[in-house]
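Working through the structure, step by step
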Amino acid sequence: MTDLDGPGDHRARGRGDGPEAVAAQITDAVESLTTLWAVAAQEASLRLSPHQLRALRTLQATPGLNLTSLADRLDIGLPTASRLCDRLAAAGLLERVPHPGTRREVQLRLTAHGHHVLRDVADRRAQALTTALEAMQPAERAALSRGLRGFLAARRAAVPRADGTDGPRGHR
């Protein structure tokens with residue numbers, strides 16, 4: 001067990017380090033991080049809603065999606081996705097271009113301005129997170145890093161794969 005408060009402080013030991021207690025602590029941390037990221041995003045050169053940011057990030061990761069695919073990935077209805085894209089296009093953040101192989105299909109792509117806005121948001125978020133991490137003691141940062149690596153490894157091992165097995169070992 002890592003004692004984050006130093007060798008003489010045992011507050012981190014005992015009942016408070018069970019999975020339920022740690023899950024509650026992570027929930028609080030995620031909410032705090034979400035707020036930190038939202039504030040950083042609102043301070044960017046162009047204020048975007050969380051849905052707009054998510055749409056732009058999705059299109060950045062998968063350029064050329066059509067409207068139906070974007071709606072599916074965002075888990076929103078087609079009319080909502082269409083209005084969302086209308087607003088993003090009006091702001092100069094995305095463009096609709098004809099699909100090179102299908103005349104009836106339209107692809108959605110970020111504009112240079114859209115890429116710039118996403119970089120600005122990412123830079124502001126990274127700076128806000130760096131500021132918070134700088135306020136931590138080096139041992140706390142190291143423990144957080146180890147804990148996050150362990151969490152991600154455990155999560156990857158537990159995520160069902162497309163073939164119906166769990167994790168890298170292929171357990172059913």
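Residues numbered from 1 in each chain as written. Predicted model: local features only at pLDDT ≥ 70, side-chain atom pairs only at ≥ 80, totals over all residues. Heavy atoms only, no water.

1. Points about the pattern of salt bridges
One pass over the structure, following the stated rule, counts two salt bridges. Put simply, Asp-86 and Arg-96 hold a salt bridge, and the shortest N to O gap is 2.8 Å. Separated by 10 residues along the polypeptide, Asp-86 in helix H4 (residues 78–90) and Arg-96 in strand E1 (residues 94–98) bring together distant segments of the chain. Using a relative accessible area of 39% as the deciding quantity, one classes Asp-86 as partly exposed. With a relative accessible area of 38%, Arg-96 lands in the partly exposed category. A salt bridge links Arg-124 to Asp-120, with the nearest nitrogen and oxygen atoms 3.0 Å apart. Here Arg-124 pairs with Asp-120, and both are found in helix H5 (residues 112–134), just four residues apart, close to one helical turn. The partly exposed category is assigned to Arg-124, whose relative accessible area is 33%. On the basis of relative accessible area, Asp-120 is assigned to the buried category, the value being 15%. (Salt bridge = Lys/Arg side-chain N within 4 Å of Asp/Glu carboxyl O. Helix = DSSP H or I, 4+ residues; strand = E, 2+ residues; numbered from the N terminus. Buried < 20%, exposed > 50% of the residue type's maximum accessible area, 1.4 Å probe, protein only.)

2. Focus on helix H3 (residues 67–74)
Note that an α-helix has 3.6 residues per turn; residues three or four places apart therefore point the same way. Taken residue by residue, H3 has Leu-70, Ala-71 and Leu-74 as its buried positions. Angular distribution of buried residues about the axis of H3 spans 100 degrees; they occupy a single face of the element. For H3, the secondary structure elements touched by its buried residues are helix H2 (50–61), H4 and strand E2 (106–110). One side-chain oxygen at the N-terminal end of H3 lies 3.2 Å from the backbone nitrogen of Thr-68; it belongs to Asn-66. Downstream of H3 by a residue or two, Asp-75 has a phi angle that is positive, lying close to 60 degrees. (Arc of directions from axis to C-beta. Contact = heavy atoms within 4.5 Å. Polar contact = N/O pair within 3.5 Å; in protein donor to acceptor, adjacent residues only side chain to side chain.)

3. What about the confidence of the model for the protein?
Taken as a whole, the protein shows an average pLDDT of 84; of its residues, 84% reach a score of 70 or greater. Counting interchain partners and residues more than four positions distant, the pLDDT-below-50 stretch residues 1–14 has 13 contacts. (pLDDT = per-residue confidence, 0-100.)

4. Considerations on the environment of Gly-64
When you line up the elements, Gly-64 lands in the loop between H2 and H3. Gly-64 gets classed as buried once you look at its relative accessible area, which sits at 13%. Taking the C-alpha atoms as reference, Gly-64 lies 8.1 Å from His-99; in sequence the two are 35 residues apart. Leaving out residues up to four positions away in the same chain, Gly-64 has contacts with Gln-107, Leu-108 and Arg-109.

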